[in-house]
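Given next are the chains, with one letter for each unit.
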Number of protein chains: 2
Amino acid sequence: MTDVVLYDYWRSSASYRVRIALNMAGIGYRSVAVDLVAGEQRSEPHLDRNPQGYVPALEIDGLLLTQSLAIVDYIDETRGCGFLPEDPAGRARTRALAHVIAMDIHPVCNSNVVARVAELTGGGDAAKVEWMRDFIRKGLVAFERLLDHPATGRFCHGDRPGVADFCLVPQLYNAERWGAQIADLGRIHAIRIECDRLQAFIRAHPDAAR
Amino acid sequence: MTDVVLYDYWRSSASYRVRIALNMAGIGYRSVAVDLVAGEQRSEPHLDRNPQGYVPALEIDGLLLTQSLAIVDYIDETRGCGFLPEDPAGRARTRALAHVIAMDIHPVCNSNVVARVAELTGGGDAAKVEWMRDFIRKGLVAFERLLDHPATGRFCHGDRPGVADFCLVPQLYNAERWGAQIADLGRIHAIRIECDRLQAFIRAHPDAAR
């Protein structure tokens, strides 16, 4: 019995980030699926949770929180997890890396955006696939270049997994799902191998959350 | 003479956020224009600053920072500005509001995304306008509903301007520029009137930064 409830969808990248963070923090939670394919995100009960009609939403400490990175910061600040480094320069770098993915790749590839592209172009699934592959690759190529930095360690920043890694791994899942070409991005792959070894990441994987 | 340099573009929402934050913090800075219309963001000198080819980038304290909200957090953390409330619940709410705009509206309306839509649909400027109006209105309607909350004050959270306001005002500038219909969003307009009175916001306006 736990009072932490995650309203999520197994394939949602933003939900996947929060699952990783909850696992890293050792917070037990109950999942309530919001079926995005069936349109449950547009139901009144869910719009009361989040008027944007997006997942995730998290019930914790008597609060209802939305926006994945705001949730991750809340967990970090209330549980002292160290998801960000302690020095301001390192914090800024880690946040910038997280935002490359969470602000510049993921929203453009959000299912409702891509559905609109398919509708406007009349290009159907082929238009979706091309759009996804393009924006995901372009963003991850920039991310790879940003990892060419002395502060990169076993993880995106140093040797401890943090918020940038929580964003990267779900984005890589999405890249594979859509067939984006990223095999040449060596620094990213090295970090992924490290993350894939961690139970917090393994248990958060969409196949485990399905 | 100052050693703080902002690489920006007058019309960029993300740059506008950072200009507000720098002004609020009382940090003098020198602007270097990166002309997005002329494609300067894809020049090697700028890609060395930010491999994504986006503005803003900020030189400060011997660092080169990217990603507008990571920059705002850095300024806040190093100068103790109070851009976020002190309580974790308030911080989470303020960040979530900021992210509704910075993650879910702005990136989808980024000039390179909208240019792609126009190209794919062959719809030219009309396709751009429709796309912008649609996503901006949809996002701001959700934002308005999130403002229906006891913590909303003269500003998005309480009576002190913060990071959510820094995101909101540039988004409203964009909404007007593209003719998005938002006249019915009363809470948003009330906050805008408060922000429009502040020198930090006035001096950051695109017309002042041009």
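All residue numbers here refer to positions counted from 1 along the written sequence of the relevant chain. By the order in which they are written, chains take letters starting at A while ligands take numbers starting at 1. Reporting in this predicted model follows two pLDDT cut-offs: at least 70 for local features of residues, and 80 or more for side-chain atom pairs to be given and counted; totals over whole chains, interfaces and linings ignore these cut-offs and use all residues. Hydrogens and water molecules were not included; the side-chain quantities draw on all heavy atoms of the structure.

Participant: How would you explain the overall build of chain A if you had to name every residue and give the values?
Facilitator: Looking only at helices and strands, one finds ten helices and four strands in chain A. Helical segments are the DSSP runs of H or I of at least four residues, strand segments are the runs of E of at least two, and each set is numbered from the N terminus. In chain A, the order of α-helices and β-strands from amino to carboxyl end is β-α-β-α-β-β-α-α-α-α-α-α-α-α. Note on method: radius of gyration uses C-alpha positions; expected globular size equals 2.2 Å times residues raised to 0.38. Taking 210 residues into account, the globule formula puts the C-alpha radius of gyration at 17 Å, and chain A, at 17 Å, falls close to it. Projecting the C-alpha coordinates of chain A onto the three principal axes gives extents of approximately 45 × 45 × 30 Å. Think of it in three bands: residues with accessible area under 20% of the maximum for their type are buried, residues over 50% are exposed, and the middle band is partly exposed, with areas taken using a 1.4 Å probe on protein chains only. Considering chain A as a whole, with its 210 residues, one finds that 57% of them fall into the buried category. Only heavy atoms enter the contact rule, under which two residues are in contact if any of them lie within 4.5 Å. The contacts in chain A between residues at least 6 apart in sequence include a share of 66% that link residues at least 24 apart. To be clear on the numbers: accessible area is Shrake-Rupley with a 1.4 Å probe, and residue cover counts the displayed protein chains and nothing else. Only carbon and sulfur atoms are counted for the fraction: they give 49% of the accessible area of chain A, which is about 8,600 Å².

Participant: Would you mind going over the domain arrangement of chain A in detail, with residue names and values included?
Facilitator: Much of the literature gives interface size as the accessible area that the parts lose upon coming together. Residue and element names in this part refer to chain A. For every domain, the bounds stem from an assignment made automatically or drawn from a database. The assigned domain composition of chain A is domain 1 (5-81) and domain 2 (88-202). The C-alpha-based centres of domain 1 and domain 2 are spaced at 20 Å. Counting residues at the interface gives 14 residues for domain 1, matched by 19 residues for domain 2. Two parts placed together each lose some accessible area under a 1.4 Å probe, and adding up what both lose gives the buried area. Contact between domain 1 and domain 2 buries roughly 1,600 Å² in total, counting both sides, with carbon and sulfur atoms accounting for 61%. Note on definitions: salt bridges are taken to be side-chain nitrogens of Lys or Arg within 4 Å of carboxyl oxygens of Asp or Glu. Joining domain 1 to domain 2, the criterion identifies zero salt bridges. For this analysis, a polar contact is any N or O atom pair within 3.5 Å, provided that within protein one partner can donate a hydrogen and the other can accept it, and provided that sequence-adjacent residues contribute only side-chain to side-chain pairs. Our count for the domain 1 to domain 2 interface comes out at five residue pairs in polar contact (both at pLDDT 80 or more).

Participant: Which residues make up the interface of chain B and chain A, and what are the values?
Facilitator: Across the boundary between the two partners, chain B contributes 42 residues, which contact 42 residues of chain A. Here chain B and chain A share an interface that buries about 4,000 Å² over both sides, 62% of which is from carbon and sulfur atoms. Summed over the shared surface of chain B and chain A, the result is twelve salt bridges. Linking chain B to chain A there are 16 residue pairs in polar contact (both at pLDDT 80 or more).

Participant: Kindly report on the packing of helix H7 (residues 163-178) of chain B against helix H8 (residues 186-195) of chain B, identifying the contributing residues and their values.
Facilitator: Residue and element names in this part refer to chain B. In this analysis an axis means a line fitted to C-alpha atoms, helices contributing only their contacting stretch, and an angle means the value between N-to-C directions, from 0 to 180 degrees. Following both chains from N to C, one finds H7 and H8 inclined at 105°, their axes separated by 10 Å at the closest point. Judged by the inter-axis angle, H7 sits roughly perpendicular to H8. Here Asp-165, Leu-168, Val-169, Leu-172, Tyr-173 and Glu-176 of H7 lie close against H8, whose contacting residues are Ile-188, Ile-191, Arg-192 and Cys-195. Counted by class, the contact of H7 with H8 contains seven nonpolar, no polar and three charged residues. Working rule for angles: under 35 degrees goes down as roughly parallel, over 145 as roughly antiparallel, 65 to 115 as roughly perpendicular, anything else as oblique. When residue character is reported, Ala, Val, Leu, Ile, Met, Phe, Trp, Tyr, Cys and Pro are called nonpolar, Asp, Glu, Lys and Arg charged, and the others, Gly included, polar.

Participant: Hey, could you go over the relation of the copies chain B and chain A for me, with residue numbers and the actual values?
Facilitator: Two copies of one chain are present, and they are related through a rotation about an axis combined with an axial shift. Least squares is the method used to superpose the copies, on C-alpha atoms of residues holding a pLDDT of at least 70 in both. For the match of chain B to chain A, the screw axis carries a shift of 0.0 Å, the RMSD comes to 0.0 Å, and the turn is 180°. In the structure described here, the two chain copies are related by an operation that fits a two-fold rotation axis. When you check the interface residues of chain B against chain A, 100% turn up at the interface there too, and the contact is symmetric in its surfaces.

Participant: Before we move on, can you summarise helix H5 (residues 111-121) of chain B with the specific residues and values?
Facilitator: Within the span of H5(B), buried status applies to Val113(B), Val114(B), Arg116(B), Val117(B) and Ala118(B). Looking at the buried side of H5(B), the elements it contacts are helix H5 (111-121) and helix H6 (124-146) of chain A together with helix H6 (124-146) of chain B.

Participant: I'd like a rundown of the sheet that holds strand E2 (residues 30-33) of chain B, residues and numbers included.
Facilitator: All names here are of chain B. Criterion used throughout: strands pair if DSSP finds at least two bridges between them. Across the sheet, four strands lie side by side as E2-E1-E3-E4; this open sheet has mixed pairing. The outermost strands of the open sheet, each flanked by one partner alone, are E2 and strand E4 (63-66). For this sheet, the mean angle separating the axes of adjacent strands, direction not counted, is 20°. Where strand E1 (residues 5-8) lies against strand E3 (residues 57-60), three bridges are found, and the strand directions are antiparallel. By the bridge assignment for E3, Leu-6 is matched with Leu-58.

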